[in-house]
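Descriptive structure summary
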Amino acid sequence: MSTTVTAETFLTTAIELATANVLKQGGPFGAVVVTADGQAFEGVNRVTANHDPTAHAEVTAIRTACAALGTFDLSGATLYTSCEPCPMCLASALWARVGDVVFAADHHDAASVGFDDAVFYDYFENADRDRLMPVRKLERPATGTLDVLQPFNTWNSLETRIDY
């Protein structure tokens, strides 16, 4: 990153994107993915506008960057976001191999205005998380045609697969 373009500059952009997005029926969140070579890709929260609970600013910025670059691997990139990413956005950044994340406001700031994602953080830290949303593995019957490993076996045998 050049000395004239700083983390504060990208955070300012993310905050400006978030503020403008509020006036476009979007949520108050903005993000910028900056690649190692300095290319910047923006995203804003479109959850309510698009009826898409996964359309968080960080996810839309990652999607925009990956589509424009023709890759799913953002190694070396930095994700700048107007607010601390939720667990879904952090997981998305991990899957995209983002190098680091820099945020402005934290999740307590977001909670103070009604965006409380504490239940999601609690889910991963709580042994009693099944009360919120049960997640279970279906035990394989001793006999039957359910081959749960079929997709993986097919993947492993495919010479043209693209590892990730």
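The numbers attached to residues start from 1 for each chain and follow its sequence in the written order. With the structure being a predicted model, the display of local features is reserved for residues of pLDDT at least 70 and the display and counting of side-chain atom pairs for 80 or more, all residues being used for whole-chain, interface and lining totals. With hydrogens and water excluded, all non-hydrogen atoms of the structure serve as input to the side-chain values.

Considerations on the overall build of the protein
Looking only at helices and strands, one finds seven helices and four strands in the protein. Secondary structure elements of the protein, listed N to C terminal, follow the sequence α-β-β-α-α-β-α-β-α-α-α. Each principal axis of the C-alpha atoms in the protein carries an extent, and together these give about 65 × 40 × 25 Å. Exposure is judged per residue with a 1.4 Å probe applied to protein chains only, and the accessible area is read against the type maximum: over 50% gives exposed, under 20% gives buried, and values in between give partly exposed. Within the protein, the proportion of its 164 residues that are buried is 29%. Residue pairs at least 24 apart in sequence account for 44% of intrachain contacts in the protein once pairs closer than 6 positions are excluded. Charge-centre separation for the protein: the mean point of 10 positive side chains lies 11 Å from the mean point of 21 negative side chains. Counting from the N terminus, the helices are DSSP H or I runs at least four residues long and the strands are E runs at least two residues long. Pairs of residues are marked as contacts when any of their non-hydrogen atoms sit within 4.5 Å. Neither His nor the chain ends contribute to the count of charged residues, in which Lys and Arg are positive and Asp and Glu negative. The location of each charge is read from NZ of Lys, CZ of Arg, CG of Asp or CD of Glu.

Some remarks on the UniProt feature "domain: CMP/dCMP-type deaminase" (unreviewed entry) in the protein
UniProt positions are given in the numbering used here, feature names are shortened, and annotations may be inferred rather than shown by experiment. Those places that UniProt annotates as "domain: CMP/dCMP-type deaminase" (unreviewed entry) correspond, in this numbering, to residues 5-115. Span residues 5-115 is 42% helix and 20% strand, its end C-alpha atoms 30 Å apart.

Considerations on unusual backbone geometry
Positive phi values are uncommon outside glycine, yet Gln25 reaches one of about 65°. With respect to the helices, strands and loops of the structure, Gln25 is situated in the loop between α1 (7-22) and β1 (30-34). On the basis of relative accessible area, Gln25 is assigned to the exposed category, the value being 59%. Of note, Arg97 is a non-glycine position whose phi angle comes to about 65°, a positive value. Its relative accessible area of 32% is what places Arg97 among the partly exposed residues.

Some thoughts on the packing of helix α3 (residues 57-69) against helix α4 (residues 87-95)
Think of two packed helices as two axes; the pair is described by the angle between the axes and how far apart they sit. Here an axis means a line fitted to C-alpha atoms, over the contact stretch when the element is a helix, while the angle between two N-to-C directions is reported on a 0 to 180 degree scale. The interhelical angle for the contact between α3 and α4, taken along N-to-C directions, is 20°, at an axis separation of 8 Å. Looking at the two axes, α3 sits roughly parallel to α4. When the axes of α3 and α4 are compared, the crossing they make is left-handed. Residues Glu58, Val59 and Ile62 of α3 pack against Met88, Cys89, Ser92 and Ala93 of α4. Charged means Asp, Glu, Lys or Arg here, nonpolar means Ala, Val, Leu, Ile, Met, Phe, Trp, Tyr, Cys or Pro, and polar covers whatever is left, Gly included. In terms of residue class, the contact of α3 with α4 is built from five nonpolar, one polar and one charged. Each angle is binned into one of four classes, with values under 35 degrees roughly parallel, values over 145 roughly antiparallel, values of 65 to 115 roughly perpendicular, and all other values oblique. By definition, turning the near helix anticlockwise from the far helix through less than a right angle yields a left-handed crossing, and turning it clockwise yields a right-handed one.

Digging into α4
Along α4, the positions that sit buried rather than exposed are Pro87, Cys89 and Ala93. For α4, the angular spread of buried residues about the axis comes to 165°, placing them on one side. Residues of α4 that are exposed and point over 90 degrees away from its buried face: Leu94 and Trp95. Those residues of α4 that are buried lie in contact with α3, β3 (78-83), β4 (100-105) and α6 (118-125). Arg97 lies just past α4 and shows a positive phi near 65°. Starting at the helix axis, one direction is taken to each C-beta atom, and the arc is that of these directions.

Things to note about the pairing of β3
Looking along a regular strand, one sees the side chains alternate between the two faces of the sheet. With six of its six residues buried, β3 lies for the most part within the structure. Pairing geometry for β1 and β3, over four bridges, is antiparallel. Across the sheet, the residue bridging to Val32 is Tyr80, located in β3. Two strands qualify as a pair provided DSSP detects at least 2 bridges between them.

So, the state of the cysteines
In plain terms, two cysteine sulfur atoms within 2.5 Å form what is called a disulfide here. Per the stated rule, a full pass over the model turns up zero disulfides. Take Cys66: it sits in no disulfide, and the sulfur closest to it among the cysteines is that of Cys89, at 14 Å.

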